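Analysis of the macromolecular model
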Amino acid sequence: MGTQMVAIDPQLSLVAAMVLPSMLTVKVNNGEHKEMLRFHELAFVDLKNNLGKKKMKALIPQAVRTTYIAGLVVLCAGSVAVSGTTFDPEGFLSFLTALALFVEPIQDFGKAYNEYKQGEPALERIFDLTRFIPEVRDKPSAVHLNSVKGDIKFHDVTFRYVAGMPPTVDGVNLHIRAGETIAIVGPSGGGKTTLAKLLLRLYHPQSGYIALDNHDIQDIQLQCLRTHIAFVSQDPMLFSGTIAKNIAYGDPVGDINMRKVENAAKIANADEFIKILPEGYDSYVGQRGSSLSGGQKQRLSIARAIYQNSSILVLDEATSALDSRSELLLKEALMNLMASHTVVIIAHRLEMILMADRIVLLEGGKLREVTRSAFLSLDGRFGSPPDVLS
Ligand SMILES: Nc1ncnc2c1ncn2[C@@H]1O[C@H](COP(=O)(O)OP(=O)(O)OP(=O)(O)O)[C@@H](O)[C@H]1O
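Treat the numbers as computed from the prediction; the structure is a model and nothing was measured.

Here we look at the domain arrangement of the protein
The assigned domain composition of the protein is domain 1 (2-131) and domain 2 (152-377). With centres defined by C-alpha atoms, the gap from domain 1 to domain 2 works out at 49 Å. Listed as interface residues are 17 residues of domain 1 and, on the opposing side, 21 residues of domain 2. Taken over both partners, the interface formed by domain 1 and domain 2 buries close to 1,700 Å², and the fraction arising from carbon and sulfur atoms is 56%. Ranking the residues of domain 1 by area buried against domain 2 places Val28, Asn29 and Asn30 at the top, with a combined share of 34%. The tally of links between domain 1 and domain 2 comes to one salt bridge. For Arg226, the salt bridge goes to Glu32, with nearest N and O atoms at 3.7 Å. Counting every contact that joins domain 1 to domain 2 gives four residue pairs in polar contact (both at pLDDT 80 or more). Per element, the largest residue contribution to the side of domain 1 that touches domain 2 is five residues, and it comes from helix 3 (residues 23-28).

See below:
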């Protein structure tokens, strides 16, 4: 089994190693279908190559068997010619041929059974995966919304990751009006990202519901919901490929609109570093963006969200890896976006928090709104201290 695992196409393993840790980015950008196609294509090539090898492997014993029988015929004919005695060559040949033909298939069957038994646990796991029904899926009656205004309501939402444990989000009520910018602050582990994940329907609340433009999000087609929400996660995830492809990742068509890509990169303040790369937008970012710095990756994932042109923008610690100059430039760009988008900023940096129209504090799963002055009086508990403000 070990040697069979090693024999898996390295390309397939590379794709799996890249996509599986980036599943959040794949899902929120509706990239499941794209990734499935990519995997299918590679798996098909791998299957074809392996079948070719197996055919060759199967041919070799046949060739050996034929040579063996031919050798026997020559041997028998030769011995008759040399001795001149009577010899029943037909009976002898029939016996040897039957023996050769009989023994090998039995050996092959034994080998095949052995291989099947060794691979059985892996097969079981594959069948388990094909039988897996995702918890979050479309209702048959789910609606498609061509456009949304971006009005979001959390109605008494309670969610816990593990049954029997205290809730991560506990009876949260929050109304974010269309076009509003809201900052969610709170201690680390307080549930801020979880709130964003619930909005993106990565999980279902155990009680309460979330509405977008007065539609319960469970009644909206999942792909449609995620198209209307651009999410920049705290771990910027890139896929091996060009910069342009990464920015246009959420494009369902797959045709890259270069004008849109460049515009998004300019807004995200990524254009300046892309332009000085040898191949500009066609530069490869390496395995999971390994050839870029943390701040560059972050700017690309912000550009990706801007490219998506959704009505709602959720930034989860999206500027943590940026230097103060880049953050300032991005802040200016966000100011422009805020005029036409609903923006949710999850941040610890005061510069970002104070851009919001309203600030809500999520602590121990409970949410409450705080005024700016009340927030500042928290003495930097959940944001960089006020003296960072220049
Ligand atoms: N998939 C998961 N399964 C179980 N527990 C989880 C899971 N994801 C998060 N948690 C837990 O839920 C709590 C809230 O996590 P969350 O990421 O929402 O916090 P946060 O406020 O965004 O924190 P930070 O500011 O550090 O990013 C944490 O205690 C975390 O360990």
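What about a nonpolar patch on the surface?
Judged by side-chain polarity, Phe109, Tyr113, Tyr116, Leu123, Ile126 and Phe127 come together as a nonpolar surface patch covering roughly 640 Å² of accessible area. Following the sequence through the fold, Phe127 ends up in helix 5 (residues 89-131).

A look at the pairing of strand 7 (residues 312-316)
The element strand 7 is extensively covered by neighbouring structure, given that five of its five residues are classed as buried. Every second residue of strand 7 is oriented toward a common face, with Ile312, Val314 and Asp316 on one face and Leu313 and Leu315 on the other, all of them buried. When strand 7 meets strand 8 (residues 342-346), the two strands line up parallel, connected through five bridges. Of the residues in strand 8, the one forming a bridge with Val314 is Val344.

Some words on the site of the ligand
The environment of the ligand is formed by 13 residues, the closest being Ser188, Gly189, Lys192, Thr193 and Thr194. Between the ligand and His348, the relevant distance is 3.2 Å, taken from an oxygen atom to a side-chain nitrogen or oxygen of the residue. A per-class count over the shell around the ligand returns three nonpolar, nine polar and one charged.

With respect to the packing of aromatic side chains
Going through the model one piece at a time under the given rule, you end up with four aromatic pairs. Aromatic ring contacts, followed pair by pair, group Phe159, Tyr161 and Tyr203 into a single cluster. The positively charged end of Lys34 is found above the aromatic ring belonging to Tyr249, 4.7 Å away from the centroid. Between Lys260 and the ring centre of Tyr307, over which it is positioned, the NZ or CZ distance is 4.3 Å.

Description of the environment of Glu279
Inspection of the secondary structure assignment puts Glu279 in the loop between helix 10 (271-275) and helix 11 (294-308). Take Glu279: its relative accessible area is 54%, and that puts it in the exposed class. Each C-alpha atom, one on Glu279 and one on Thr242, is 9.4 Å from the other, the two residues being 37 residues apart in sequence.

Thoughts on the nonpolar core
Ranked by size, the top nonpolar core spans 47 residues in total, and within it Ile247, Ile274, Leu300, Leu315, Leu334 and Phe375 carry the most contacts. The next biggest cluster of nonpolar side chains, apart from the first, holds 34 residues, and it includes Phe159, Ile210, Val344 and Leu367.

Regarding the sheet that holds strand 4 (residues 207-212)
Ordered in space as 2-1-4-5, the four strands form an open sheet in which the pairing is antiparallel. Only two strands of the sheet have a single neighbouring strand rather than two, namely strand 2 (169-176) and strand 5 (215-216). As paired elements, strand 1 (residues 152-159) and strand 4 share five bridges and run antiparallel to each other. Paired with Ile152 across the two strands is Leu212, which belongs to strand 4.

Notes on the environment of Leu145
With respect to the helices, strands and loops of the structure, Leu145 is situated in the loop between helix 5 and strand 1. Taking C-alpha positions, Leu145 is 18 Å from Tyr209, a pair spaced 64 residues apart along the chain. Non-local contacts of Leu145, meaning those with residues more than four positions away in its chain, are made with His215, Ile220, Cys224 and His228.

A look at the pattern of salt bridges
If you walk through the whole model with that rule in mind, you get nine salt bridges. Notably, a salt bridge pairs Arg358 with Glu369, separated by 2.9 Å at the nearest N-O pair. Here the residue Arg358 occupies a position in strand 9 (residues 358-363), and Glu369 occupies one in strand 10 (residues 366-370), the gap between them amounting to eleven residues. Given a relative accessible area of 46%, Glu369 falls into the partly exposed group. If you follow the salt bridges from partner to partner, you end up with Arg177, Glu180, Arg358 and Glu369 in one network.

Section: helix 2 (residues 10-19)
Looking only at helix 2, the buried set comprises Leu12, Val15, Met18 and Val19. An end-on view of helix 2 places all buried positions within 130 degrees of arc, on one side of the element.

Focus: the side chain of Arg304
As for its position among the elements, Arg304 is in helix 11. Despite its burial, Arg304 pairs with no opposite charge; the closest candidate is Glu35, at 8.7 Å N-O.

What to know about the sheet that holds strand 6 (residues 229-232)
Adjacent strands of a sheet pair through backbone hydrogen bonds, lying either parallel or antiparallel. Strand order in the open sheet formed by six strands is 6-7-8-3-9-10, with mixed pairing between adjacent strands. Looking along the sheet, the strands with just one partner apiece sit at the ends: strand 6 and strand 10. On average, adjacent strands in this sheet sit at an angle of 20 degrees to one another, irrespective of strand direction. Sheet strands touched by helix 11: strand 6 and strand 7. Its angle to strand 6, the strand with the most contacts, is close to 180 degrees. Each of strand 3 (181-185), strand 7 and strand 8 touches helix 12 (residues 324-338); the most contacted strand, strand 7, lies at about 150 degrees to it.

Reading the values: the criteria
- Residues numbered from 1 in each chain as written.
- Predicted model: local features only at pLDDT ≥ 70, side-chain atom pairs only at ≥ 80, totals over all residues.
- Heavy atoms only, no water.
- Domains from an automatic or database assignment.
- Contact = heavy atoms within 4.5 Å.
- Buried area = accessible area lost by both parts, 1.4 Å probe.
- Salt bridge = Lys/Arg side-chain N within 4 Å of Asp/Glu carboxyl O.
- Polar contact = N/O pair within 3.5 Å; in protein donor to acceptor, adjacent residues only side chain to side chain.
- Helix = DSSP H or I, 4+ residues; strand = E, 2+ residues; numbered from the N terminus.
- Patch = residues over 30% accessible without salt bridge, like charges linked within 9 Å, V, L, I, M, F, W, Y side chains within 5 Å.
- Areas by Shrake-Rupley, 256 points an atom, 1.4 Å probe, with all protein chains shown as cover.
- Buried < 20%, exposed > 50% of the residue type's maximum accessible area, 1.4 Å probe, protein only.
- Pairing = 2+ DSSP bridges.
- Near = heavy atom within 4 Å.
- Nonpolar A, V, L, I, M, F, W, Y, C, P; charged D, E, K, R; others polar.
- Phe/Tyr/Trp six-rings, centres within 6.5 Å; stacked < 30°, edge-to-face > 60°.
- Lys NZ or Arg CZ within 6 Å of the ring centre and 35° of its normal.
- Core = buried A, V, L, I, M, F, W, Y, C linked by side-chain atoms within 4.5 Å.
- Arc of directions from axis to C-beta.
- Lys, Arg positive; Asp, Glu negative; His and termini not counted.
- Axes fitted to C-alpha atoms, helices over the stretch in contact; angles between N-to-C directions.

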